[in-house]
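Here is what each chain is made of, one letter per residue.
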Amino acid sequence: MGGEEQGERARRAVARLLRFYRPGAGLFRRATGDAWQLALAVEAVATEYERTSDIGYARALHRWLDRHGGRRSRFYDDDGWYVNAWLRGFEVTGDERFLHAARAGFADLLSGWDDVCGGGLWWSRDRTYKNAITNELFLLAAARLASTVDGAREWADRSWRWFEGSGLINNEQLVNDGLRECRNNGDTTWTYNQGVLISALVTLAGQTDDRSLLATAAGIARATTTRLAPGGILREPSEPACDRDQEIFKGVLAQGLGRLCHADEPGTRDLEAFLRANADSVWQRARTTDDAFGVSWSEPSPVTPASHASATLLLVEVASLP
């Protein structure tokens, strides 16, 4: 598959993604999961802007920042998605307003960390659950901010030491959902938990030149592509009965795999081939007549903004591969 064709797929997927939003408002036209999913639409558009320099994408990113830059919720993971989206916006535009929004959001995340279970952020301000995704997003944000925010590098190192020692990574090199009584709860190995941790380790490796972090990321990646992709095509453990949150999860994993492939880690050709095969499947077997995608990447399924955003994350990553 030539680069031009992959690029055309990404362009059409992003165009359809933008049609799910009310013009100028930055809100979904149709109901979807919690509002955190918009942050992943921001990420998809940012990646396509980085590839194409299309000024229309930059305008969309700035509209979203204007509307949601100060957004906060009672869930630390929801806020972590936005911190990372604004950091991605800064990476591709250089506009420091994105960085300022991210710094403020990161500072607010710090209130979620305490010494229960030896450290880590709580999932919400109710402080009833410490889970993987919240701490992965915090680690990713801290690693991204390491060169621009005093203390962020130390938070990244501290966060990874805690995560690595928490038991959240199981014996199969997959990440379970969270902790119960400060031990791995054995709950579902959602695809997005693997994807955000891969992204975080790739980013931290870039800050520290610690190649062992890339080896850990590659181990998680291969465990995921082996155990969560029957027939070589990603399938969420809850498919076809995904709830509205889970509909977007696989795209987050595709994003992490793409970042690992860009990290100059030897022997990632198999992961590139895996991503390309999934992109071919979702385009050829799961696409509707108006370029939308449901939760399944191997056959037609009902479309939601979240399911379409998930496939768009995959397609923009594949279009950006060397």
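Residues numbered from 1 in each chain as written. Predicted model: local features only at pLDDT ≥ 70, side-chain atom pairs only at ≥ 80, totals over all residues. Heavy atoms only, no water.

K.L.:
Just to check I follow, could you spell out the nonpolar core for this structure?
P.N.:
Most often, soluble globular proteins have nonpolar side chains that are buried together. The biggest cluster of nonpolar side chains holds 107 residues, and the ones touching the most others in it are Trp64, Trp81, Trp86, Phe106, Ile198 and Leu260. Other than its neighbours up to four places away in sequence, Phe106 contacts Val83, Phe138, Ala141, Ala142, Leu145 and Trp155. (Core = buried A, V, L, I, M, F, W, Y, C linked by side-chain atoms within 4.5 Å. Buried < 20%, exposed > 50% of the residue type's maximum accessible area, 1.4 Å probe, protein only. Contact = heavy atoms within 4.5 Å.)

K.L.:
Just to check I follow, could you spell out helix 10 (residues 249–261) for this structure?
P.N.:
Side chains that are three or four residues apart share a direction in an α-helix, a result of its 3.6 residues per turn. Here helix 10 spans 19 Å end to end across 13 residues, near enough to the 18 Å set by a 1.5 Å rise per residue. Counting buried positions over the 13 residues of helix 10 gives 13, a clear majority of the element. (Helix = DSSP H or I, 4+ residues; strand = E, 2+ residues; numbered from the N terminus. Expected span 1.5 Å × (residues − 1).)

K.L.:
Please explain the side chain of Ser310 as it appears in this structure.
P.N.:
For Ser310, the location among the structural elements is in helix 12 (residues 305–319). Overall, the relative accessible area of 1% leaves Ser310 in the buried class. Contacts of Ser310, omitting those with residues within four sequence positions, involve Glu247, Ile248, Lys250, Gly251 and Trp297.

K.L.:
Even after reading the chapter, I still don't get the packing of aromatic side chains, so can you show me in this structure?
P.N.:
The geometry of an aromatic ring pair is captured by two quantities: the separation of the ring centres and the angle between the planes. With the rule as written, the count across this model stands at 18 aromatic pairs. Residues Tyr192 and Phe249 carry aromatic rings whose centres are separated by 3.6 Å and whose planes lie at 5° to one another, so their mutual orientation is stacked. Here the residue Tyr192 occupies a position in helix 8 (residues 191–208), and Phe249 occupies one in helix 10, the gap between them amounting to 57 residues. The pair formed by Tyr192 and Phe249 is uniform in burial state, with each residue classed as buried. Cation over ring: Arg16 sits above Phe20, and NZ or CZ is 4.4 Å from the ring centre. (Phe/Tyr/Trp six-rings, centres within 6.5 Å; stacked < 30°, edge-to-face > 60°. Lys NZ or Arg CZ within 6 Å of the ring centre and 35° of its normal.)

K.L.:
Help me understand the state of the cysteines, please; the structure alone is not making it clear to me.
P.N.:
Structurally, a disulfide amounts to a covalent bond that connects the sulfur atoms of two cysteines. Per the stated rule, a full pass over the model turns up 1 disulfide. The partner cysteine of Cys117 in its disulfide is Cys182, sulfur to sulfur 2.1 Å. Because the sign of the S-S torsion sets the handedness, a value of about -80° for the bond joining Cys117 and Cys182 places this disulfide among the left-handed ones. One end of the pair, Cys117, is in the loop between helix 5 (96–109) and helix 6 (132–144); the other, Cys182, is in the loop between strand 1 (179–180) and strand 2 (183–184), with 65 residues separating them in the sequence. Here Cys117 falls in the partly exposed class, since its relative accessible area comes to 26%. According to the relative accessible area criterion, Cys182 is partly exposed, its value standing at 37%. (Disulfide = S-S within 2.5 Å.)

That's the geometry; what it means functionally is another story.
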